[in-house]
Amino acid sequence: MYDFDKLIERSGTNAYKLDLRQRYFGTDDVIPLWVADMDFAAPEAVQQAIQERAKHEIYGYTIRKEEFTGAIVDWCQYKHNWGIKNDWIEYSPGVVPALVFSVLAFSEIGDGVIINTPVYPPFYSVVADNKRKIIANGLVNVDGKYEIDFELLEQQASLSDTKIFILCSPHNPVGRVWTKEELMRVHEICSKNNVLVLADEIHADLTLFGNEHTPFASLNDEAAMNCISFMAPSKTCNIAGFSTSYVVTANPKLLKAYRDMQNRLQLHMGHLFSGVALCSAYNHGRDWLEALKAYLERNILFVEDFLKEKMPEVSFYRPEATYLIWMNFKAWNKSQKEIKDFLVKEAKVGLNDGVSFGKDGEGFMRMNIASPRCVLEQALNQMYEARK
Ligand SMILES: Cc1ncc(COP(=O)(O)O)c(C=O)c1O
């Protein structure tokens, strides 16, 4: 019914994933398995809704009505069994911008912000570019599975100038879906120390292999009052180009302060297609998403089997969510530059540099497996042939 095997030509669409290869890899001649979007068509219902609206010849200032928040309320209930209210929600023009507004609203210059490293690179810039202090809580790699160092978190949260913890849940790039117990410990530590939790849950809908996402704010009332959640249909339905996301908080003070900052920066308007994209994705994307997740799981197993058979020294912990694989090349005993040079120049495969996620990403590369399987097969074969 849904054809994720279909090869769709993206050249000529100014796709970041293709057109920035020269800048990132120094060549266009790599199979692009990096930037976190998918090489799959968006759900049919989204395509139709966008095309339908585009047919109208006036593209003036456009607002989002109750159907926008209503679609979000329904989705959070359906997908995460999380009961939220319309007036807990505010539109945001992207999760990263929303994190910036929140850092500006809820901390002062010089304050500390905790992040779990290695992590999605903008987590660093969101903090450092706004002159806050990065407090790196390095995840602990236990046989490939990453865990939070709660003892360190406790110490870091108790510092008087620590104001915020930006939680990545599920975590990019290590693929963990934090358990309720883990989240509860985060909550207890942060609440006790008055550290506000900004829960980036953009990957929440992409849990795999039976893992279930727990919205941080759903843990209990106290957690809900000490948290802003950041979500979007962008990863879920491959519509990141619409720069459409939203924040949720049950705490009216937090919501007001967030809104005030977004308004102050004049970024509350958004664009014409934001409501159309989100509503069509959430109202009609359920079956598509289930089929997508099944395809992603098979892709992950395919990569796993391939590596086991042909390159067993390259390993990864099977991601519990996301379409991103955190590949460990340490057994090659090569420097990061040598690993990158090999992949780009010899294998001609474009993966994200592990070190761009933090220095604890040394020896790792991130592979995006959200492509038709034949593309992955070709990329893996190129790695294997170059390595022989
Ligand atoms: C954890 C995380 N947060 C945010 C984003 C990007 O969000 P947006 O495009 O809405 O700014 C990504 C994209 O890969 C991500 O992995």
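Calculation notes
- Residues numbered from 1 in each chain as written.
- Predicted model: local features only at pLDDT ≥ 70, side-chain atom pairs only at ≥ 80, totals over all residues.
- Heavy atoms only, no water.
- Helix = DSSP H or I, 4+ residues; strand = E, 2+ residues; numbered from the N terminus.
- Rg over C-alpha atoms; globule rule 2.2 N^0.38 Å.
- Buried < 20%, exposed > 50% of the residue type's maximum accessible area, 1.4 Å probe, protein only.
- Contact = heavy atoms within 4.5 Å.
- Areas by Shrake-Rupley, 256 points an atom, 1.4 Å probe, with all protein chains shown as cover.
- Lys, Arg positive; Asp, Glu negative; His and termini not counted.
- Charge placed at Lys NZ, Arg CZ, Asp CG, Glu CD.
- Pairing = 2+ DSSP bridges.
- UniProt positions renumbered as here; feature names shortened; annotations may be inferred.
- Near = heavy atom within 4 Å.
- Polar contact = N/O pair within 3.5 Å; in protein donor to acceptor, adjacent residues only side chain to side chain.
- Expected span 1.5 Å × (residues − 1).
- Axes fitted to C-alpha atoms, helices over the stretch in contact; angles between N-to-C directions.
- Parallel < 35°, antiparallel > 145°, perpendicular 65-115°, else oblique.
- Left-handed = near helix turned anticlockwise from the far one by under 90°.
- Nonpolar A, V, L, I, M, F, W, Y, C, P; charged D, E, K, R; others polar.
- Phe/Tyr/Trp six-rings, centres within 6.5 Å; stacked < 30°, edge-to-face > 60°.
- Lys NZ or Arg CZ within 6 Å of the ring centre and 35° of its normal.

1. Digging into the overall build of the protein
Looking only at helices and strands, the protein has 14 helices and 14 strands in total. Against the compact-globule benchmark of 21 Å for 388 residues, the protein has a radius of gyration of 21 Å, which places it among compact chains. Across its three principal directions, the C-alpha atoms of the protein cover 60 × 55 × 35 Å. Every one of the 388 residues in the protein was classed for burial, and the buried ones make up 55%. At a minimum sequence separation of 6, the contacts of the protein that also span at least 24 residues come to 74%. Of the accessible surface of the protein, which amounts to about 17,000 Å², a share of 50% is contributed by carbon and sulfur atoms. On the protein, the mean spot of the 42 positive side-chain charges and the mean spot of the 51 negative ones are 3 Å from each other.

2. As for the pairing of strand β10 (residues 245–248)
Both faces of β10 are covered, namely the face carrying S245 and V247 and the face carrying Y246 and V248. As defined by bridge partners, strand β2 (residues 89–92) adjoins β10 across four bridges and the pair is classed as antiparallel. Of the residues in β10, the one forming a bridge with S92 is S245. Judged from the three bridges that link them, strand β9 (residues 227–231) and β10 form a sheet pairing that is antiparallel. Among the inter-strand pairings, M231 is bridged to a residue of β10, identified as Y246.

3. Focus on the UniProt feature "domain: Aminotransferase class I/classII large" (unreviewed entry) in the protein
Here the UniProt-annotated "domain: Aminotransferase class I/classII large" (unreviewed entry) positions come out as residues 29–373. Here residues 29–373 runs as 40% helix and 17% strand, with 19 Å between its end C-alpha atoms.

4. Some points on the site of the ligand
Taken together, the residues surrounding the ligand are A36, G94, V95, V96, P97, Y120, C168, N172, D200, I202, H203 and K235. A distance of 3.0 Å is found between an oxygen atom of the ligand and a backbone nitrogen or oxygen belonging to V96. In this structure, D200 approaches the ligand through a side-chain N or O atom, which is 2.6 Å from a nitrogen atom. Across the complex, the protein chains shield 87% of the 400 Å² of accessible surface that the ligand would expose by itself. Sorting elements by how many residues they give to the shell around the ligand places helix α5 (residues 95–106) first, with three residues.

5. Brief notes about helix α11 (residues 272–284)
With 13 residues, α11 should cover 18 Å at 1.5 Å per step; its first-to-last C-alpha distance of 19 Å lies within 8% of that length. Counting buried positions over the 13 residues of α11 gives 10, a clear majority of the element. What α11 keeps buried is the set L272, F273, S274, G275, A277, L278, C279, S280, A281 and Y282. Turning to α11, the residues buried within the fold contact α3 (44–55), α4 (66–80), β2, β10 and α12 (286–310).

6. So, the packing of α4 against α12
It is at 13 Å that the axes of α4 and α12 come closest, and there the two elements cross at 40°. Accordingly, the angle class assigned to the pair α4 and α12 is oblique. α4 and α12 meet at a crossing whose hand is right-handed. Contacts between α4 and α12 involve D74, W75, Y78 and K79 on the former and, on the latter, R286, L289, E290 and K293. By residue class, the composition of the contact of α4 with α12 is three nonpolar, no polar and five charged.

7. Considering α4
Count 3.6 residues to each turn of an α-helix, and residues three or four apart come out pointing the same way. In this model α4 runs 21 Å from its N-terminal to its C-terminal C-alpha over 15 residues, within 8% of the 21 Å that 1.5 Å per residue would give. What α4 keeps buried is the set F68, T69, G70, A71, I72, V73, W75, C76, K79 and H80. Close packing links the buried residues of α4 with β2, β9, β10, α11 and α12. Backbone geometry just after α4 places N81 at a positive phi near 50°.

8. Focus on the packing of helix α7 (residues 150–158) against helix α8 (residues 180–192)
Put simply, α7 and α8 touch, their axes get as near as 9 Å, and they point 20° apart. Considered as vectors, α7 and α8 are oriented roughly parallel to each other. Crossing of α7 against α8: the hand is right-handed. Of the residues in α8, those in contact with F150, L153, E154 and A157 of α7 are E182, R185, V186, I189 and K192. In terms of residue class, the contact of α7 with α8 is built from five nonpolar, no polar and four charged.

9. Describing the packing of aromatic side chains
According to the stated counting rule, one finds 21 aromatic pairs in the structure shown. Pairing F101 with Y258 gives two aromatic rings, centres 6.0 Å apart and planes at 50°, and the pair type is tilted. Here F101 is found in helix α5, whereas its partner Y258 is found in helix α10 (residues 252–264), with 157 residues between them in sequence. For the residue pair F101 and Y258, the accessibility class agrees, reading buried in each case. Among the aromatic residues, those joined into a ring-pair cluster are Y2, F4, F40, W288 and Y295. Looking at R318, its charged tip hangs above the ring of F209, at a distance of 5.1 Å from the centre. For R373, the ring lying beneath its charged end belongs to Y295, and the centroid distance is 4.4 Å.

10. Overview of the sheet that holds β2
Within the open sheet, the seven strands sit side by side as β2-β10-β9-β8-β7-β3-β4. Their pairing is mixed. In this open sheet, the two edge strands, each paired with only one partner strand, are β2 and β4 (133–138). Going from strand to strand, the sheet's axes swing by 25° on average, the running direction of each strand aside. Running at roughly 25° to β2, α10 makes contact with β2, β8 (196–200), β9 and β10 of the sheet.

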